[in-house]
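An overview of the molecular structure
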Amino acid sequence: MNQMMKRPPHPRALPEQSEWTFELIEQAHEEIKRVAQGFGLDTYPNQLEIITAEQMMDAYTSVGMPVSYNHWSFGKHFLATEKGYKRGQMGLAYEIVINSNPCIAYLMEENSLTMQALVIAHAAYGHNSFFKGNYLFRTWTDAEAIVDYMVFAKNYIAECEQRHGIDAVELLLDSCHAIQNYGVDRYKRPAKLSLAQEQQRQKEREAYLQSQVNELWRTLPRREEEEAVTQAPTRFPPEPEENLLYFIEKYAPLLEPWQRELVRIVRKISQYFYPQRQTQVMNEGWATFWHYTILNQLYDEGVVGDGFMMEFLKSHTNVVYQPPVHSQYYNGINPYALGFAMMTDIRRICENPTAEDREWFPDIAGSDWKKTLDFAMRNFKDESFIAQYLSPKLIREFHFFAVLDDDKNEKLNVSAIHDEMGYRYVRQQLADQYNLGNREPNIQVWSVNTRDDRALTLRHTQFNRRPLNQQAHEVLKHVARLWGFDVHLDTVSPEGKLISTLECKREKRGRII
Amino acid sequence: MTYLIDRRLQGKNKSAVNRERFLRRYKSQIKDAVGRAIKGRSITDIENGEKVSIPVKDVNEPSFGHAHGGVWEVVNPGNQEYQKGDQIARPKGGGGAGRGKAGNSDQTTEDDFIFELSREEFMNYFFEDLELPNLVKTQLTATTDFKTQRAGYTVSGTPSNIHVLRSLRGALGRRIAVGGPSRRQLAEAEQELETLLLDGAPLDDPKVVELKKLIHHLHTRLLAIPFIDPFDLRYSNRIKVPKPMTQAVMFCIMDVSGSMDEQRKDTAKRFFILLYLFLKRVYDKIEVVFIRHHTAAAEVDEHEFFHSRESGGTVVSSALNLLNKIIDERYGAGSWNSYVAQASDGDNWDNDSVLCRQLLTNTIMPKVQYYTYVEITDGPPQNLWEQYAQVPDHHQHFAMQKIVTPADIYPVFRELFKKQPK
C-alpha cells in the first residue's frame, strides 16, 4: 500500500494495446497535435488516410503521389518493391507524406497503434511543418495546386494515349524522364496556377508555343533578315540554358503541340520534387527530431505507457542507425541519422552549451532552442545547413573523415579526420557533398545551328576532371529524339578548353515517333 | 481541421496498369526468359507462375551522371585508425572510399531485374504462338453439332409427343379434386335415404322424393366431369443441347523396353506434362489414357506408367493396336478430339516397324487430331524413325522430333505445336 506512485495517471492515457481503432488514432492524433502546437509547429491541415500495404506500394512507386500518369517505369518499380516486400527482404516505408494542402499522410493498416502514432508525429507534424516553413518549398512548390495538377497531367496524358497511341506517348515520356533532372530552374521562380487556369492556359500555350517555334525555324527569311544575316551571326540561345526540358519544350523544331505539353508536364513535376532532393537530411532530421520529442513528451505526461515507449524506441533506433564505412551494411550516410543528430545537437547547444560550443556557435549557444531550430529549418538547405551547424562534437561522434581520391595518385589520401585541425575541413567537404551542383554533371544547352543542320550542342563543364558515365550516350539519343536533329555533347574544362565530344546523329529526318 | 479517411476499400490495384505497361514493353525479353526458365528444370510446377529475370541493362533508365575518375573527395563515418595524411591502397573495383554517395552504376555490378509473373501471365507467355493443329476443324463442326435430350414434360406439343401415363394421371387427380364435394354429398344423401326406407317411410314421402331427386342430380353432376380434359394433357419435352466438342483425350504411349532408363522416362514424362498443360488450356474436359508397351501393350494408370519396372523386348505395333481398340471402343471419332503422343528410344523389331507404319497410315491417323512422335535417343535414327518418316506423306497431322537432353523438350514441343501457316 505504501508503494510510491511512479507517475500520476493521465486522464486521457492511451490504452496499452497494439491494435489500432479509428477512435484510438483520433485520440492519439489529438494528443500529438496538442503537444506539437505547444512546441509551436506550424502546419498545413492534416488529412490522414488509412491504406493497405498494396496501396502503399502503389503510392511508393508512382513517385509518391496520390495520382500519377501511367508509365512502365512505375510498373518496374512496383514489381521490384513487391518482390522485396513479399520475400520480407524489405519493409515498406512506414509513411508517405505529400507536400500538399491539406497535407496527406498515409497510415498503413498493418502498423500497430504505436507505429501509427509515430507516423502521425513524424509525417503529419514533422514533414508537414517543414513543407510549410522551409524557404525552398515556399518558393518552389505550390502545395495548394499539386494534386490538381497531377489530375490534370494524368487525364491529359491518357487523352494523348487515346489520340496518338500508347507507344508514341511512352517513347516521348521515356526521353523526358532521361533528362528530368535537367528540367529544373534553379533561379527562376515558377508562377503559381490553379487547375482551372492551367487548363485554360494550356490551350493558349499550344497555339502560342507553336507560333514561336515557327518564327524561329522559318525557312524563308524575310527581306530585312536577309540583310542581318550578312552581319555577324547571332548566337542562339544568347545565354546558355540550364533547363534542358524547358529549352526543348520551347524550341524543338518538330515537336507537335501535345508533345510539348508532355515535356512540360515532366518538367513541372521534376521542378516540384527539386526542393526534396536538396533537403533530404534536413527534412528527415526535422521530422525524426519531432516525432522523438513529441512522443517523449507524451510519455512524460503519462499519455502513453512503457510498452508503447519500448516499441517506439526500437523503431526509432533502427531508423537513426548509421553503420560505419567498413560495415557490410554501409550504404552512404543515413540522412535520418545525420539529420536527427544535428537537430538534437542544436537543441543541446542552446540548452547546455560547452566551452567549445560557445566558441564555435556564439550566436546560438544558450539561446531559445525552439526559435533557433525554427530558424534553421526555414532558411537552409542540406548544403548550407551542414556548413552552418555541424558541430565538432558530432564530427567526433560520427568519426567522420575525408578521403581524397585523385586518379593521378596511386593511393587514396586521408585529407582530414575528426580532430582539431580537421573539423572545419570535414564540415566543408561534407557540405559540398550535398551540393546538387557538384553531384550532378553540369550540362547546359550551348548552341543551336539555326541556319544549317539545326544541330543542338550541349556543353558539359567538367568538375574536378570527373568523366561522364557510360549512360551519357543513351541519354543523348533521348535528347536527339526530342530535338529531332543531330545532338552534340561537348565536354570542356572549367577554362573552356574542349576535352571530348559525343555525338548522336539522326539517321532519318522527319517526324519523331 | 483534420480528416481521417479510410482508403482501404478504394483504389486497389492502381498499379495494375503500370505493371501491364511494363510487361508489354518487355514482352520479347520476358518470352525469352520464360523459355530459359523451362530449360533443364522440373516442369511439374510450371503452372504456378514463374520468376523471370531481365538483364538490368535492358530495364535501366539512363540519366546523366558522373563516372569514377578525376578527383573525388568524400566524407565517411566510422573512422577507426586513420590519421591525416595516411595513404590507403585503392580498393579493388575503383570505387574505394567513394562508394556510397559517389558510387555510380558504372562501377557496381547489378543483379538481373527479377520479378514474378502470375500463373496466368506465365502460361500466356509460355503458350504464345502455339496452337493445336487442326483445332479449327473441330471448332467448326462443334458449332453445328447438337444432340436432343429429354427435359421433363410440357403442357404443349405435338400429338405424337403426348405422354399417356402422365396425362391420365393428371386427369385422375383432377377428377378426384373436382368431384370431391359432390361425391361426399351423394354419399350422405344415399345414407339418409337408406335410413328413411329402413324406418318404413313410404316411397311417396316428400322427404324420400326430395332425396331421390338430389341423388339423381348429384349423379348427373358427377357424370358431367370430363374423363379427360385438354388441361390434363402432358407432352414429353425434348430439347436440343450443343454437343460438348470441347473434350479431348490424350493418349500417352511409352516404350518401356530395357533401353528406356529412368532418365529417358523422365524426359518423356516432362514432354507429356507439357502436352497435358497445353491441351488443358483449350479443352474444358480432357482425359488421359496411358499405354505402355514392351513386347505386349497394356493400359495402365499414371503411377504404373512412369514407375513400373516391368520390362522386356519391343513390339511397337502392340501399342498401336491397343490404341486403335481403345479409340473405337471409348472415344468415337465423332465426339472426341484425340491426341497421341508417343515416346520411344526408337528401337523396334525390324519387321514390326513396317507394320506400325501401315497401322498408322491406314487405320489410326484418320481417327486422331494430331499425332506426335518423339524419339528420345542420342544415337542415329532407328528403323522405326525411318518408317514413321513416311507417314507425313499421307497425313499432314503427324509430326516427329528427336530429343537428346531434357533441354530439348521445350524447343521440340514448340516445334511440334508451332502455329501452322494458314
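Residues numbered from 1 in each chain as written. Chains lettered and ligands numbered in written order. Predicted model: local features only at pLDDT ≥ 70, side-chain atom pairs only at ≥ 80, totals over all residues. Heavy atoms only, no water.

For chain B, the name recorded in an unreviewed UniProt entry is UPF0229 protein C9I28_23035, with Pseudoduganella armeniaca as its organism. In its Sequence similarities (unreviewed entry) section, UniProt records this for chain B: "Belongs to the UPF0229 family." (UniProt positions renumbered as here; feature names shortened; annotations may be inferred.)

**Let's talk about the overall build of chain B**
What chain B contains, in helices and strands, is 13 helices and 13 strands. Residue burial in chain B is summarised as follows: out of 422 residues, 42% are buried. Sequence-distant contacts, at least 24 apart, represent 81% of the contacts inside chain B between residues at least 6 apart. When the accessible surface of chain B is split by element, carbon and sulfur atoms take 52% of a total near 22500 Å². (Helix = DSSP H or I, 4+ residues; strand = E, 2+ residues; numbered from the N terminus. Buried < 20%, exposed > 50% of the residue type's maximum accessible area, 1.4 Å probe, protein only. Contact = heavy atoms within 4.5 Å. Areas by Shrake-Rupley, 256 points an atom, 1.4 Å probe, with all protein chains shown as cover.)

**Observations regarding the packing of aromatic side chains**
Inspection of every chain in the model, using the stated rule, returns 39 aromatic pairs over all chains. Considering the side-chain rings of A:F289 and A:W290, the 5.1 Å spacing of their centres and the 85 degrees angle between planes classify their relative orientation as edge-to-face. Of the two residues, A:F289 and A:W290, both sit in the buried class. Measuring from ring centre to ring centre gives 6.4 Å for B:F271 and B:F272, while their planes differ by 70 degrees; the resulting arrangement is edge-to-face. Its relative accessible area of 1% is what places B:F271 among the buried residues. (Phe/Tyr/Trp six-rings, centres within 6.5 Å; stacked < 30°, edge-to-face > 60°.)

**Comments concerning the interface of chain B and chain A**
Contact with chain B, which involves 67 residues of that partner, is made by 99 residues of chain A. Summing both sides of the interface, chain B and chain A together bury roughly 7800 Å²; the carbon and sulfur share of this comes to 53%. In terms of surface lost to chain A, no three residues of chain B exceed B:F64, B:E73 and B:V75, which account for 12% of the buried area on that side. Between chain B and chain A we count 8 salt bridges in total. Here B:R24 makes a salt bridge to A:D167, at a shortest N to O gap of 2.8 Å. At the junction of chain B with chain A, the criterion picks out 49 residue pairs in polar contact (both at pLDDT 80 or more). Sorting the residues of the side of chain B that touches chain A by element identifies β1 (2-6), α1 (16-25), β3 (71-76), β4 (87-89) and β5 (113-117) of chain B as the ones contributing at least two each. Per-element accounting of the side of chain B that touches chain A gives the leading share, 7 residues, to α1(B). Broken down by class, the residue content of the side of chain B that touches chain A amounts to 24 nonpolar, 25 polar and 18 charged. Relative to β3(B), strand β4 (residues 401-406) of chain A runs antiparallel, the two sharing 6 bridges. Opposite A:D405, over in β3(B), you have B:W72 as the bridge partner. (Buried area = accessible area lost by both parts, 1.4 Å probe. Salt bridge = Lys/Arg side-chain N within 4 Å of Asp/Glu carboxyl O. Polar contact = N/O pair within 3.5 Å; in protein donor to acceptor, adjacent residues only side chain to side chain. Nonpolar A, V, L, I, M, F, W, Y, C, P; charged D, E, K, R; others polar. Pairing = 2+ DSSP bridges.)

**Description of the pairing of β3(B)**
Along any regular strand, the residues point their side chains to alternate faces of the sheet. In terms of burial, β3(B) is a largely internal element, 6 of the 6 residues being buried. Residues of β3(B) alternate between two faces, with B:V71, B:E73 and B:V75 on one and B:W72, B:V74 and B:N76 on the opposite face, all of them buried.

**Some remarks on the side chain of A:N128**
Residues and elements named next belong to chain A. Inspection of the secondary structure puts N128 in helix α4 (residues 113-133). In terms of polar contacts, N128 uses its side chain to reach the backbone carbonyl oxygen of Y44, at 2.9 Å. If we skip the residues at most four places from it in the chain, N128 touches T43, Y44, P45, N46, C103 and A123.

**A word on unusual backbone geometry**
Residues and elements named next belong to chain A. Cis geometry is adopted by the peptide bond preceding P102, which originates at N101 and carries an omega value of 0 degrees. With respect to the secondary-structure elements, P102 resides in the loop between β2 (95-98) and β3 (103-108). A cis amide bond links F236 with the next residue in sequence, P237, at an omega value of -5 degrees. Assignment of secondary structure puts P237 in the loop between α9 (223-230) and α10 (244-251). Despite not being glycine, R454 has its phi angle at roughly 65 degrees, a positive value. With a phi angle near 60 degrees, R465 is a residue other than glycine that sits in the positive phi range.

**Let's talk about the state of the cysteines**
All names here are of chain B. Inspection of every chain in the model, using the stated rule, returns 0 disulfides over all chains. With no disulfide of its own, C252 lies 18 Å from the sulfur of C356, the closest cysteine sulfur. With relative accessibility at 0%, the residue C252 sits in the buried group. (Disulfide = S-S within 2.5 Å.)

**Topic: the sheet that holds strand β11 (residues 337-344) of chain B**
Strands in a sheet are paired, the pairing made by backbone hydrogen bonds, and the direction either parallel or antiparallel. All names here are of chain B. Overall, mixed pairing links the 6 strands, which are arranged β10-β9-β8-β11-β12-β13 in an open sheet. In this open sheet, the two edge strands, each paired with only one partner strand, are β10 (297-300) and β13 (398-403). Strand-to-strand, the axes of this sheet are offset by a mean angle of 20 degrees, without reference to chain direction. (Axes fitted to C-alpha atoms, helices over the stretch in contact; angles between N-to-C directions.)

**Considerations on the confidence of the model for chain B**
Residue and element names in this part refer to chain B. Confidence in the prediction of chain B, expressed as mean pLDDT, is 78, and 83% of residues score 70 or more. Within chain B, the lowest mean pLDDT, 47, falls on helix α5 (residues 135-144), and the highest, 92, falls on β3. Taken together, the stretch residues 94-108 has pLDDT below 50 and engages in 33 contacts with residues farther than four places along the chain or on a different chain. pLDDT under 50 marks residues 139-143. Its contacts with residues more than four places away, or in other chains, come to 2 contacts. (pLDDT = per-residue confidence, 0-100.)

**Observations concerning the nonpolar core**
Within the largest apolar cluster, 81 residues are counted, with the highest numbers of intra-cluster contacts made by A:I32, A:I294, A:L338, A:F385, A:F400 and A:L430. With 12 residues, α4(A) is the largest single contributor of residues to this core. Other than its neighbours up to four places away in sequence, A:L430 contacts A:I333, A:L338, A:I386, A:L390, A:F400 and B:V75. (Core = buried A, V, L, I, M, F, W, Y, C linked by side-chain atoms within 4.5 Å.)

**Focus on the packing of helix α12 (residues 280-301) of chain A against helix α13 (residues 306-319) of chain A**
All names here are of chain A. Contact geometry of α12 with α13 gives a least axis separation of 11 Å together with a crossing angle of 165 degrees. Taken together, the axis directions place α12 and α13 in an arrangement best described as roughly antiparallel. Here α12 runs over α13; the crossing is left-handed. From α12, T288, H291, Y292, L295, N296 and Y299 reach across to α13, where they touch D306, F308, M309, F312, L313 and H316. (Parallel < 35°, antiparallel > 145°, perpendicular 65-115°, else oblique. Left-handed = near helix turned anticlockwise from the far one by under 90°.)

**A word on the pattern of salt bridges**
Here the structure, examined in full by the defined rule, presents 32 salt bridges over all chains. The closest approach of N and O atoms between A:R34 and A:E31, which form a salt bridge, is 2.6 Å. Note that A:R34 and A:E31 are positioned in helix α1 (residues 22-38) at a spacing of 3 residues, about one turn of the helix. Assessed through its relative accessible area of 33%, A:R34 is described here as partly exposed. The buried category is assigned to A:E31, whose relative accessible area is 4%. Linking A:E161 and B:R21 is a salt bridge whose minimum nitrogen-to-oxygen distance equals 2.8 Å. Of this pair, A:E161 sits in helix α6 (residues 146-164) while B:R21 sits in helix α1, placing the two residues on different chains. Exposure class is identical for A:E161 and B:R21. Each is buried.

**Considering the packing of α12(A) against helix α16 (residues 369-379) of chain A**
Residue and element names in this part refer to chain A. Interaxial distance between α12 and α16 falls to 11 Å at its minimum, and their mutual angle equals 150 degrees. As far as their axial angle goes, α16 and α12 are roughly antiparallel. Along this stretch, α12 crosses α16, giving a crossing that reads as left-handed. For the pair α12 and α16, contact is made by M282, W286, F289 and W290 and by W369, L373, D374, A376 and M377, respectively. When grouped by side-chain class, the residues that make up the contact of α12 with α16 number 8 nonpolar, no polar and 1 charged.

**Here we look at the sheet that holds strand β5 (residues 411-416) of chain A**
With antiparallel pairing, the 4 strands of this open sheet are ordered in space as β3(B)-β4(A)-β5(A)-β4(B). Since the sheet does not close on itself, it has two edges, and those belong to β3 and β4 of chain B, each with one partner. Strand-to-strand, the axes of this sheet are offset by a mean angle of 30 degrees, without reference to chain direction. Bridge count between β4(A) and β5(A): 3 bridges; the pairing is antiparallel.

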